[in-house]
Each structure stands twice: as structure tokens, then as C-alpha cells.
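This is what each chain is made of:
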Amino acid sequence: MSARPIRLALVCDYLEERWASMDLVAEMVREHLERGHDGEVVVTTVRPPFRRRAMLVPAGGRAAGVAWNADRALNRMVDYPRALRAIDRRERFDLYHLVDHSYAQLVHALPTGRAVVTCHDLDTFRCLLDPALEPRPPWFRAMTRRILTGLQRAAAVACDSAATLAAIRRHDLLPADRLRVVYLAVHPECSPEPDPLADAEADRLLGPADPSAGPTLLHVGTNIPRKRIDVLLDTFAAVRRSMPGARLVKVGGAFTPEQEGQARSLGVLDAVTFLPPFSPRSARDRAALAAVYRRADLVLQPSDAEGFGLPAAEALACGTQVLASDLPVLREVGGDAAVYRPVGDVPSWAEAATALLDEHRRSSDSWHARRRDGLDQASKFRWTTHVAQLVATYRDVLAQAPPR
């Protein structure tokens, strides 16, 4: 152990940004550094205020959105690097950890060899890596290039999964010796144990549990294309044909017009219950989401790409079975505890979902075995493990960092 603790700056998004899941990552990293590594690491959170310029001009509709995006770009690309340089001159931290790769442009403002970046996926860089699928204007690509070159300057990159690491290597973005797999963790509130207050909130949102009603299928996530809501709806419609009382709970907001049209044409729109996104920063919301997981009979994750697949891990931690796309990253998360089907293969998804729901209805020994396996698999994703791996990464980086 070094003679003195590591002075770490935990670099987060702006106070006014609303990437709540990344806020939670930062909060949990800090909490477990202070709880389990006191004396090894002294952590300071860096979160500057958001500076408004274009937004000061009264505007509405599309102009307001343009003003927000302009201020966001200026804050991220100009103000934050300037603020970080001033912080470094004043504080001279031993190490900087950027908890979100979409802020990697800040590495350019930091001393060489002293930045660690957590990379959750490569979505930020899609316009550069796959421009045919995600065309963007030149100014946007230039901004993204700056973020990417910042990531490439990091002394170490902590990847949420081996699949994310493999994607970075496949695109030859970074050498292998600067990459680490540091799995995301599941919040302790994701538990199979009853929570009277949270369970009452789930009853308020979903209605009281009714053992005689049909099964509840659950999807947690956004409606962006890679989430494959089309597969979710086709699978649910097939389940409804054999189990007419089934319903789908959708956490993450209402469907797009196209998705709503698909649900209506399939005749299942009235059987969908929409819940708004739960804020990861709110203890009450986290507990309520865990209760919703516990109320579900089956969680579906039909995505065609993921950086980690947190809903699968959360569902297993709550004792709920998962049916997921057969992706390497989701197999990392679900292990042998989840059930997998090929991306987009609706007949196979429908067959698997119906079989699992029937198994649950019968409360068979195999279902209880799946539940035990799921809880065991989810136990691998703990914040204590996550932070211990980060501390080891910090020490490796500092051992090779050039002198200040």
C-alpha cells in the first residue's frame, strides 16, 4: 500500500443534466470507496454548474430545443474542460475517474496518464463507427471525434462487460492492455424480500395482486430501436393468444406512434400498462421498481444490442425469471439462470415465454430452481466487487503514471 491515500476526482455530469443512472453509478462508487476503502482513497466529486447562454433568450417549441442543445454542447466541449484545467492546477489530484464515456472529451484537459474512464457501450460513437446506419452532420461528427479521441487518451478504460471490451477491440479503438472489465452492479434494493411500503406502491401502480388473473410480462427500458419493441409486442400478442388474461407492463414511457400502431393492430394496446421511468437517484423509486420486478411473472429483454443489460440483472436479483436475446453480453449477465432466444425470432420467443409462464403457474420444482439460480447469478454483481476492481485499476494506473 502506498504511504498516502490516492486523491481521486470523481468526474460526473453537470448538475443540471438528467442522466440519473450515471448519477447513481457515481454515488454508489463514492459511497463504497468511503465505506470500504477509507484510508486508501480520498474522493472528491466534480460537478460544475450548468451555464446558460442561448437558453436565456426567450423561445418556445423547436427553438427552445435548439437553445438547450447549443448550451449543452458549449458546456460540455468548452466550459467543462476549462473548469477541469483550473481544478487540476488548484488541486493536483493523483487521478481522475470519468464515470461516463460520453464525457471523455475531458481527458484532453487532464494530465497525461492520470485519467480512468468507464465505458458503458459504444452508442455515443455510432456515427463514426457505423455512419451508414447513423448519419450525422459534420459538426456532430467532429464533436463525437473529440470525445472518442479523449477516450483513446485514457490511461485505463473500465468496460461494463466483456462484450463492450470486445467491441472496442473489434473497432481497434484501444490496446488491450488499457482495457478492464468492471461489471456494473445491482443496487441492494433489488431483492426478493418483501418491502411493505414498496409493495404497496406497486399495488397502487398496477392494482392489487390477483392470483386468478393472467400472467404479467415486464419490460424495463427505453423505446429506442435497439430495444426491439417490435419483438416485444409480437411476442406478447402470441402469449395473449394462449393466455388471454396476460398483460404487459412497460416501464420507461409510452410507445412511439409506430409502436402504438403496432400494438393496436395486434389488438394488445389495451392490455399494456405504462409506467414512467423510475429515477435511479430516488430511493423510493428504486424500491418501487424492485417491487414491480417482484410482481412480474417474466421479464423480457429482446434487445439486439446492449452494453450490459442491467434490467436482466435487476430482475434476477428480485427473484424474477428473464427471457433475453441470445447476445454475448446478456449471457454474461444472465449466465445459466436466464433463458435465451435468437434476436428477432418471434415464434421462438413466443414458445419460450409461454412455456416459462406455464412453468411458473404450476410452481414446479424447475421454476424454483431457476429462481435460486437467478439469485445466485445476480449476487455476482455487487458494488463492493465493482469498487474493489476500480481501486486495483487506480493503483495500476498510478504505478505507470508520469510524474506531475
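Everything below is about the structure printed above this text.
Here's a quick rundown of the structure. (Residues numbered from 1 in each chain as written. Predicted model: local features only at pLDDT ≥ 70, side-chain atom pairs only at ≥ 80, totals over all residues. Heavy atoms only, no water.)

### Comments concerning helix α9 (residues 283-295)
Here α9 spans 19 Å end to end across 13 residues, near enough to the 18 Å set by a 1.5 Å rise per residue. The set of residues buried in α9 consists of Arg286, Ala287, Ala288, Leu289, Ala290, Ala291, Val292, Tyr293 and Arg294. (Helix = DSSP H or I, 4+ residues; strand = E, 2+ residues; numbered from the N terminus. Expected span 1.5 Å × (residues − 1). Buried < 20%, exposed > 50% of the residue type's maximum accessible area, 1.4 Å probe, protein only.)

### Some remarks on the layout of surface pockets
Estimates place the volume of the second largest pocket at around 490 Å³. If you trace the second largest pocket, you find 18 residues lining it, with Asp210, Ala213, Gly214, Pro215 and Asp297 closest to the centre. A breakdown of the residues in the lining of the second largest pocket according to their chemical character gives eight nonpolar, five polar and five charged. (1 Å grid on protein atoms, 1.4 Å probe; cavity = no way out; pocket = protein on both sides within 12 Å on 5 of 7 lines; lining within 4 Å. Points joined across faces, edges and corners; volume = space filled by probe spheres on them. Nonpolar A, V, L, I, M, F, W, Y, C, P; charged D, E, K, R; others polar.)

### Overview of the packing of helix α7 (residues 229-242) against helix α8 (residues 257-266)
Interhelical geometry of α7 versus α8 gives an angle of 15° and a closest axis separation of 10 Å. The pairing of α7 with α8 is recorded here as roughly parallel in orientation. Like other packed secondary-structure pairs, α7 and α8 cross with a definite hand, here right-handed. Where α7 abuts α8, its residues Ile229, Asp230, Leu233, Asp234 and Ala237 lie against Gln259, Gln262, Ala263 and Leu266. Per-class residue counts for the contact of α7 with α8 are five nonpolar, two polar and two charged. (Axes fitted to C-alpha atoms, helices over the stretch in contact; angles between N-to-C directions. Parallel < 35°, antiparallel > 145°, perpendicular 65-115°, else oblique. Left-handed = near helix turned anticlockwise from the far one by under 90°. Contact = heavy atoms within 4.5 Å.)

### Quick word on the sheet that holds strand β9 (residues 272-275)
Within a sheet, neighbouring strands are paired by backbone hydrogen bonds and run either parallel or antiparallel to one another. One open sheet holds the six strands; their spatial order is β9-β8-β7-β10-β11-β12, and the pairing between them is parallel. Edge strands, defined here as strands with exactly one partner in the open sheet, are β9 and β12 (339-341). Strand-to-strand twist of the sheet, defined as the mean angle between neighbouring strand axes without regard to direction, takes the value 25°. Relative to β12, strand β11 (residues 322-325) runs parallel, the two being bridged by three bridges. Directly across from Ser325, in β12, lies its bridge partner Arg341. On top of the sheet, α9 reaches β7 (216-220), β8 (247-251), β9 and β10 (298-301); it is set at about 140° to β7, its chief contact. (Pairing = 2+ DSSP bridges.)

### Some details on the sheet that holds strand β3 (residues 95-98)
Across the sheet, which stays open at both edges, the six strands sit in the order β2-β1-β3-β4-β5-β6 with parallel pairing between neighbours. The sheet terminates laterally at β2 (41-46) and β6 (179-181), the two strands that pair on one side only. Neighbouring strand axes in the sheet, compared pairwise and without regard to direction, differ in orientation by 25° on average. Inspection of the sheet shows strand β1 (residues 6-11) paired to β2 by six bridges, in the parallel sense. The residue of β2 that forms the bridge with Ala9 is Thr44. Contacts from helix α5 (residues 162-170) reach β4 (115-119), β5 (156-159) and β6 within the one sheet, and its direction differs from that of β6 by about 160°. Where helix α14 (residues 383-400) meets the sheet, its contacts fall on β1, β2, β3, β4, β5 and β6, and the angle it forms with β3 comes to roughly 135°.

### Digging into the environment of Ala353
With respect to the element layout, Ala353 can be found in helix α12 (residues 346-361). Take Ala353: its relative accessible area is 0%, and that puts it in the buried class. Each C-alpha atom, one on Ala353 and one on Val239, is 7.1 Å from the other, the two residues being 114 residues apart in sequence. Ala353 has contacts with Thr235, Val239, Leu298 and Leu323, leaving out every residue within four places of it along the chain.

### Here's the deal with the packing of aromatic side chains
All chains considered together, the criterion is met by eight aromatic pairs. Ring centres of Phe93 and Tyr96 lie 5.7 Å apart, and the angle between their planes is 85°; on these two criteria the pair is classed as edge-to-face. Classification of Tyr96 as buried rests on a relative accessible area of 0%. Ring centres of Phe255 and Phe274 lie 4.8 Å apart, and the angle between their planes is 85°; this geometry places the pair in the edge-to-face category. Within this pair, whereas Phe255 is found in the loop between β8 and α8, its partner Phe274 is found in strand β9, the two being separated by 19 residues in sequence. (Phe/Tyr/Trp six-rings, centres within 6.5 Å; stacked < 30°, edge-to-face > 60°.)

### Some thoughts on the environment of Asp199
Looking at the element boundaries, Asp199 is found in helix α6 (residues 196-206). In sequence terms Asp199 and Gly335 are 136 residues apart; their C-alpha atoms lie 28 Å from each other. Residue contacts for Asp199: discarding those within four places in its chain leaves Pro194, Ala291 and Arg294.

### What to know about the packing of α12 against helix α13 (residues 365-378)
In the contact formed by α12 and α13, the axes pass within 7 Å of each other and the chain directions differ by 105°. With respect to their mutual orientation, α12 and α13 come out roughly perpendicular. Of the residues in α13, those in contact with Leu356, Glu359 and His360 of α12 are Ser366, Trp367 and Arg370. Broken down by class, the residue content of the contact of α12 with α13 amounts to two nonpolar, two polar and two charged.

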